[in-house]
Amino acid sequence: MPRDIIVLECTEARAEGKQPSRYVTTRNKKSLRTPSRLEKTKFNPHLRRRTLHRELR
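Along each chain, the written sequence defines residue order, and numbers are assigned to residues from 1. Local features are withheld for residues below a pLDDT of 70 in this predicted model, meaning they are given only at 70 or higher, and side-chain atom pairs are given and counted only at 80 or more; totals for whole chains, interfaces and linings count all residues. To obtain the side-chain values, all non-hydrogen atoms of the structure were included, while hydrogens and water were left out.

> Which residues make up the pattern of salt bridges, and what values do they have?
Counted as salt bridges are all cases of a side-chain nitrogen of Lys or Arg within 4 Å of a carboxyl oxygen of Asp or Glu. Inspection of every chain in the model, using the stated rule, returns seven salt bridges. One salt bridge in this structure joins Glu55 and Arg27, with 2.5 Å as the shortest N-O distance. Of the two residues, Glu55 is situated in strand E4 (residues 49-55) and Arg27 in strand E2 (residues 22-28); the sequence distance between them amounts to 28 residues. Several salt bridges converge on common partners, so that one network encompasses Glu9, Arg14 and Arg22. Secondary structure is summarised from DSSP: a helix means a run of H or I of at least four residues, a strand means a run of E of at least two, and numbering begins at the N terminus for each.

> Lay out unusual backbone geometry with the relevant residues and their values.
Even without being glycine, Arg48 reaches a positive phi, approximately 60 degrees. Within the secondary structure, Arg48 sits in the loop between strand E3 (39-44) and E4. The buried label applies to any residue whose accessible area, calculated with a 1.4 Å probe on protein chains only, is under 20% of its type's maximum; exposed applies above 50%, and partly exposed to all values in between. Accessibility expressed as a relative area gives 72% for Arg48, which makes it exposed.

Following this line, the structure appears as structure tokens:
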């Protein structure tokens, strides 16, 4: 399959001492636009705001 299942984790929650939120999504393996780790802005319910989420490896 050309798609990978990845996990996105909040980058700001651990710095504030709260629980990080995680999202499960997919990414295209063959895409030249995202050669490194994927980053998206998602909602963190523990912080009650939108934060940067980065791909875990």
